[in-house]
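# Coordinate analysis (summary)
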Amino acid sequence: MNKINVAGIFKTVKNLAIEHSPEILTGIGIAGMITTTCLAVKATPKALQLIEAKKEEMGVDKLTPVETVKTAWKPYVPAVITCVASVGCIIGATSVNLRRNAALATAYKLSETALTEYKEKAVEVVGEKKEQAIREKIAEDNIKQNPVSKNEVFITGKGETLFLEPLSKRYFKSDIDYIRKAENMLNKQMLHDITGYVSLSELYDEIGLDHTGVSDEIGWNVNNLIDIEFHAALTEDEKPCIALDYQNSPKYKYYELM
């Protein structure tokens, strides 16, 4: 009979707790707030009894605000403690999320810088034509690794050509001219608007795709305009598909013009 690996189980539980700590803390905070309300409601009749007893003791019809607080505060102690603990949990969850977002932003920035340097060196070492061939091969691999038969195809009503969006790995039907018009329109908007930037979500809006969890966080600006390339390839059932390729990758904190 195999012995139970208590240390291994503890480590797994600990890692899961750390990984999901924001959700756990938020859940505890919400449950605590509900408990706080219940405790406060439960404490109110006791507090009212204490107030009535104090008025009889003092021979008055009404207590002052200070006297009321001094008389009725004790029944609310559990509610206050629960409330403070719940607020602490919610603040803790927010703090963890902020630290993780900061770490993700740093990692994204490092990856973005490394990718830019790699592209520049690839062109320098192998030349533009071979670098272009590498891009086309990557586009083919993206289509092979994400078979259209296993993915939803978004019908945008803007054309019948099958496309693959490289960041979200989503297939959609559109038209090259329509996508090019969307690209030109957004670049023109950046060049003429006072803000000078657009998010990836805005491009998705134009080409008929839903926003993703990160599409609001990355984008382009006047110093890094949208530059879409089209790479033709075949799906697993030998149907033509065009993979989009962003020559200028959307950047994190794209709204900070430098």
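Up top is the structure.
Keep in mind the model is a prediction, meaning the values are calculated, not measured.

Let us now look at the sheet that holds strand 4 (residues 197–199). Across the sheet, 3 strands lie side by side as 4-5-8; this open sheet has antiparallel pairing. The open sheet has two edge strands, strand 4 and strand 8 (251–252), and neither has a second partner. Here 2 bridges tie strand 5 (residues 218–221) to strand 8, and the two strands are oriented antiparallel to one another. Along strand 8, the bridge assignment pairs Gly219 with Lys251. The sheet strands contacting helix 6 (residues 176–192) are strand 4 and strand 5, and the helix crosses strand 4 at an angle near 140°. Those strands touched by helix 7 (residues 200–207) are strand 4 and strand 5, and its axis lies near 70° from that of strand 4.

Note: strands within a sheet are paired through backbone hydrogen bonds, in either parallel or antiparallel orientation. Pairing is mixed in the open sheet, where 5 strands are placed in the order 1-3-2-7-6. Each having just a single partner strand, strand 1 (153–155) and strand 6 (228–234) make up the two edges of the open sheet. For this sheet, the mean inter-axis angle between neighbouring strands, taken without regard to orientation, is 35°. Note: strand 2 (residues 161–165) against strand 7 (residues 240–246), 2 bridges, orientation parallel. The residue bridging Phe163 from the neighbouring strand is Ile242, located in strand 7. In this fold helix 5 (residues 128–145) packs onto strand 2, strand 3 (170–174), strand 6 and strand 7, with an angle of close to 60° to the strand it touches most, strand 6. Against the sheet, helix 6 engages strand 2, strand 3, strand 6 and strand 7, with an angle of about 155° to strand 6.

Along strand 3, 4 of the 5 residues are buried, which leaves the element largely enclosed by surrounding structure. Pairing of strand 1 with strand 3, which is carried by 3 bridges, proceeds in the parallel orientation. Across the sheet, residue Val153 finds its bridge partner in strand 3, namely Tyr171. In the sheet, strand 2 pairs with strand 3 via 5 bridges, with the strands oriented antiparallel. When the bridges of strand 3 are listed, Leu162 appears paired with Lys173.

A complete count under the given rule lists 5 salt bridges for this structure. Note that Lys173 and Glu160 form a salt bridge whose closest N and O atoms lie 3.9 Å from each other. Residue Lys173 is located in strand 3, and its partner Glu160 is located in the loop between strand 1 and strand 2; the two are separated by 13 residues in the primary sequence. When its relative accessible area of 26% is taken as the criterion, Lys173 is described as partly exposed. The class of Glu160 is exposed, set by a relative accessible area of 65%. Put simply, Asp237 and Lys239 hold a salt bridge, and the shortest N to O gap is 4.0 Å. Under the relative-accessibility criterion, Asp237 is labelled partly exposed at 40%.

About the thresholds
Position numbers for residues start from 1 in each chain and track the written sequence from start to end. Note on the predicted model: pLDDT of at least 70 is required for a residue's local features to be given, and 80 or more for side-chain atom pairs to be given and counted; whole-chain, interface and lining totals, by contrast, use all residues. Computation of side-chain values: all heavy atoms of the structure, hydrogens and water removed. When DSSP finds at least two bridges between two strands, those strands are taken to pair. Numbering of helices and strands starts at the N terminus; helices are DSSP runs of H or I of at least 4 residues and strands are runs of E of at least 2. In this description, contact between two residues means that some pair of their heavy atoms is separated by no more than 4.5 Å. Structural elements are reduced to axes, namely lines fitted to C-alpha atoms, with helices fitted over the stretch in contact, and the angle between N-to-C directions of any two is expressed from 0 to 180 degrees. With a 1.4 Å probe rolled over the protein chains alone, any residue whose accessible area is under 20% of its type maximum counts as buried; one over 50% counts as exposed, and the rest are partly exposed. In what follows, salt bridge is the name for a side-chain nitrogen of Lys or Arg lying within 4 Å of a carboxyl oxygen of Asp or Glu.

In short, the description is geometric, and any link to function would need to be established separately.
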